[in-house]
Amino acid sequence: MTDRGMGIKPEQCRWMLRTMRRVRQLSERIAALYPTDVMETPVHLCIGQEAVSAGLCAHLTAQDKLFLGHRTHGPALAKGLPLHKLVAELYGRTTGCSRGHGGSMHVLDLEHGIPGSSAIVGGSIALAVGGALSAKLSGADYVSVAYFGDAATNAGVYYESLNFAALRRLPVLFLCEDNGLSNVMPLRQHSAAEIGGVAAQFMPVHRADGTDALSVFGVAGTALCALRAGDGPQLLHCRTKRWMNHQGHLAEPLPDYPIDRQRDCPIRKLELFMLHGAMITPSQIRAIAREIETEIDEAIAFAVRSPFPQPSEVY
Ligand SMILES: Cc1ncc(C[n+]2csc(CCOP(=O)(O)OP(=O)(O)O)c2C)c(N)n1
Ligand SMILES: [Mg+2]
């Protein structure tokens, strides 16, 4: 987007900032607690990548369906999954969003349009196409979003899904959150093609700076507008940066993957934009951070006092 942030409303900026801060602060808390083994699940945190889900979800309603992969926390919270239900799920408790049976990679919240998530790389893609087919057949007016990483574009299901969605002009947005890594393997080693190259034969391909919520917001708005107008599937490619290791709780610098935590920080970028536009003050920024810390404290206390599922529930 050339006119970065043009026309965006202050309340939309405030929503994205609060959303990204919630995701970041929860991720940092999980990273601190994780080594103490209180959580009953593997995790994949998204520190550095928060702009993608915030910029996208600023346009989604609770009716729209968001199908997720293994890195769920950012998009699930941005879509509306209550924080305490996510935390309780990580603690394996019955009050979790998947009743403590799913963990971080299997979150679910039908009320907020999260029909499921998949630990299989590429697993969200065909499910989202199914969601879009269902919308089309039933005449419902929601859109379906497949949220996946760069490595998922190497899966066969990606090609099949692009093809079927284009043939049937389905209301599905393919959103590639491209952190340039498949675990520790860089993009150029796991993919021979540019992301979006294959998709461009089937549908419009939109590109946004995935470290900048304003860029994602602008481009996602264009893609979703086309989708809601019945123009058929769209792909949104967001290049971003993963700051930590694959699981997200340890720093693990990789060669040829430089990170500038000032320049690349999506939260800082939005805060600077808002400060320059007099949409927020430094003390309001600090207040948001404090409020979110309290939210996280309360969510952890809620999780800790909730029961574990009974063995009888397994079957
Ligand atoms: C089909 C399949 N192959 C391999 C794995 C192991 N695995 C889990 S996450 C991951 C990397 C995925 O990278 P990407 O899709 O770019 O998402 P990111 O982790 O970068 O968000 C791999 C290879 C898996 N879960 N599923
Ligand atoms: Mg990746």
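What comes next concerns the included structure. (Residues numbered from 1 in each chain as written. Chains lettered and ligands numbered in written order. Predicted model: local features only at pLDDT ≥ 70, side-chain atom pairs only at ≥ 80, totals over all residues. Heavy atoms only, no water.)

### A look at the overall build of the chain
Defined as follows: Working definition: helices are DSSP H or I runs of at least four residues, strands are E runs of at least two. Numbering for both runs from the N terminus. Only the C-alpha atoms count toward the radius of gyration. The rule for a globule is 2.2 Å times the residue count to the power 0.38. Per-residue accessibility, obtained with a 1.4 Å probe over protein chains only, is compared with the maximum for each type, and a residue is labelled buried under 20%, exposed over 50%, and partly exposed between these values. Any two residues whose heavy atoms approach within 4.5 Å at even a single point are treated as in contact. Surface accessibility in these figures is a Shrake-Rupley result with a 1.4 Å probe; residues are shielded only by whichever protein chains are displayed.
When its secondary structure is counted, the chain shows 10 helices and 8 strands. Taking 2.2 N^0.38 as the reference for a compact globule, 315 residues should give roughly 20 Å; the C-alpha atoms of the chain span a radius of gyration of 19 Å, in line with that estimate. Summarising its shape, the C-alpha atoms of the chain cover approximately 55 × 50 × 40 Å along the three principal directions. Evaluated residue by residue, the chain yields a buried proportion of 56% over its 315 residues. Considering only residue pairs separated by 6 or more positions, the chain has 74% of its internal contacts joining residues 24 or more positions apart. When the accessible surface of the chain is totalled, it reaches about 13800 Å², and 55% of it is carbon and sulfur.

### With respect to the coordination of the magnesium ion (ligand 2)
Between any two of four tetrahedral donors, the ideal angle at the metal is 109.5 degrees; between two of six octahedral donors, it is 90 or 180 degrees. Inclusion rule: Coordination here is defined by N, O and S atoms within 2.8 Å of the metal (3.2 Å for Na, K and Ca), and since water is not considered, a site can look incomplete.
Every protein donor of the magnesium ion (ligand 2) is accounted for by D150 (OD), N179 (OD1) and L181 (O), and the metal-donor separations fall at 2.1 to 2.2 Å. Along the chain, the residues donating to the magnesium ion (ligand 2) fall in the pattern D-x28-N-x1-L. L181 carries the same exposure label as N179, and that label is buried.

### Quick notes on the pattern of salt bridges
Two side chains that carry opposite charge are able to pair once their charged atoms sit near each other. Let me state the cut-off plainly: Each salt bridge in this description consists of a side-chain nitrogen of Lys or Arg and a carboxyl oxygen of Asp or Glu lying within 4 Å of one another.
Using the criterion set out here, one finds 12 salt bridges in the structure. For E291, the salt bridge goes to R18, with nearest N and O atoms at 2.8 Å. Within this pair, whereas E291 is found in helix α10 (residues 282-304), its partner R18 is found in helix α1 (residues 10-33), the two being separated by 273 residues in sequence. Through salt bridges with shared partners, one network takes in R29, E293 and D297.

### Quick look at the site of ligand 1
The criterion, for reference: Any residue with a non-hydrogen atom lying within 4 Å of a molecule or strand is treated as near it. Counting of polar contacts relies on pairs of N or O atoms within 3.5 Å, with two restrictions inside protein: one atom must be capable of donating a hydrogen and the other of accepting it, and residues adjacent in sequence are counted only when both atoms are side-chain atoms.
In the vicinity of ligand 1, 14 residues are found, and the nearest of them are H70, R71, A119, D150 and N179. Between ligand 1 and A119, the relevant distance is 2.9 Å, taken from a nitrogen atom to a main-chain nitrogen or oxygen of the residue. Side-chain polar atom of D150 to an oxygen atom of ligand 1: 2.9 Å apart, as the coordinates give it. Against a free-state accessible area of 580 Å², the protein chains account for coverage of 69% of ligand 1.

### Quick notes on helix α4 (residues 83-90)
A large share of α4 lies buried, amounting to 6 of its 8 residues. Along α4, the residues that are buried comprise L83, L86, V87, A88, E89 and L90. In the core, the buried residues of α4 are packed alongside α1, α3 (73-79) and α10. Positive phi appears at G92, one or two residues downstream of α4, with a value of about 70 degrees.

### Brief notes about the environment of L170
With respect to the element layout, L170 can be found in the loop between α6 (156-167) and β4 (172-178). With relative accessibility at 0%, the residue L170 sits in the buried group. Spatially, the C-alpha atoms of L170 and G232 are 5.3 Å apart, while their sequence positions differ by 62 residues.

These results come straight from atomic positions and should not be treated as a statement about function.
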